[in-house]
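A look at the structure
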Amino acid sequence: MLSVGDTADADKAKAFEVWRIYVDPAFQGKGVGSQMLDFAEKIAGEQGYSEIVIWAFKQNTRAVSFCQKHGYCLEKGEYLGEPFEAFGVRLAKRIFL
């Protein structure tokens with residue numbers, strides 16, 4: 001599942017955001033997630049965005065590593081509060097398409 005759109009982050013008002021990228025465990029490690037992320041970056045570029053942000057739970061090291069492998073850099077972290085009650089990290093990448 002891939003879900004994308006404008007970010008709600010006030011300090012990134014002109015950024016595109018990947019809200020969700022989920023791959024069924026049976027298909028993980030087969031390039032499906034990479035294809036989905038490539039597709040999201042293509043959509044962002046076609047819509048004129050030059051930056052993409054992705055939020056992940058800090059303890060989800062697999063997701064954070066996946067993003068970093070694709071050129072996203074850790075930008076900030078914060079406590080997410082309700083309903084998550086967890087720490088999150090924002091990763092960002094400049095795109096040039």
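As shown above, the structure is provided for reference.
Description of the structure in this document. (Residues numbered from 1 in each chain as written. Predicted model: local features only at pLDDT ≥ 70, side-chain atom pairs only at ≥ 80, totals over all residues. Heavy atoms only, no water.)

Re helix α1 (residues 32-46)
Operational definition: Helix and strand assignments follow DSSP, with helices taken as H or I runs no shorter than four residues and strands as E runs no shorter than two, numbered in order from the N terminus. For a helix, the expected span equals 1.5 Å multiplied by the residue count minus one. We call a residue buried when its accessible area falls under 20% of the maximum for its residue type, exposed when it is over 50%, and partly exposed in between, using a 1.4 Å probe and counting protein chains only. Note on contacts: a residue pair is in contact if any heavy atoms of the two residues lie within 4.5 Å.
The terminal C-alpha atoms of α1 lie 21 Å apart, and with 15 residues this matches the ideal 21 Å at 1.5 Å per residue to within 8%. For α1, the set of buried residues is Gly33, Ser34, Met36, Leu37, Ala40, Glu41, Ile43 and Ala44. Looking at the buried positions of α1, the neighbouring elements they touch are β1 (2-6), β2 (16-21), β3 (51-57), α2 (61-69) and β5 (87-94).

A short note on the side chain of Lys93
Put simply, the rule reads: Pairs of N or O atoms within 3.5 Å make up the polar contacts considered here, provided that, within protein, one atom can donate a hydrogen while the other can accept it, and that residues adjacent in sequence are counted only when both atoms are side-chain atoms.
Tracing the backbone shows Lys93 in strand β5. Side chain to side chain, Lys93 and Glu41 meet in a polar contact 3.1 Å long. Look past the residues within four positions of Lys93 in its chain and what remains in contact with it is Glu41, Ser50, Glu51, Ile52, His70, Gly71 and Tyr72.

Points about the nonpolar core
Let me state the cut-off plainly: Nonpolar core, defined: a set of buried Ala, Val, Leu, Ile, Met, Phe, Trp, Tyr and Cys residues in which side-chain atoms within 4.5 Å join the residues together.
In this structure, Phe16, Val18, Ala44, Ile52, Ile54, Tyr72 and Leu91 are the most contacted members of the largest nonpolar core, which totals 16 residues. A total of 4 residues in this core trace back to one element, the largest contributor, which is α1. Here Tyr72 is in contact with Leu37, Glu41, Ile52, Ile54, Cys67, Leu91, Ala92 and Lys93, once residues within four sequence places are set aside.

Quick look at the side chain of Asp9
Tracing the backbone shows Asp9 in the loop between β1 and β2. Among residues more than four places away in sequence, those in contact with Asp9 are Trp55 and Arg90.

Some points on the pairing of β3
Applicable threshold: By definition, two strands form a pair when at least two bridges between them are found by DSSP.
With 5 of 7 residues buried, β3 lies mostly within the body of the structure. When β2 meets β3, the two strands line up parallel, connected through 3 bridges. Directly across from Phe16, in β3, lies its bridge partner Ile52.

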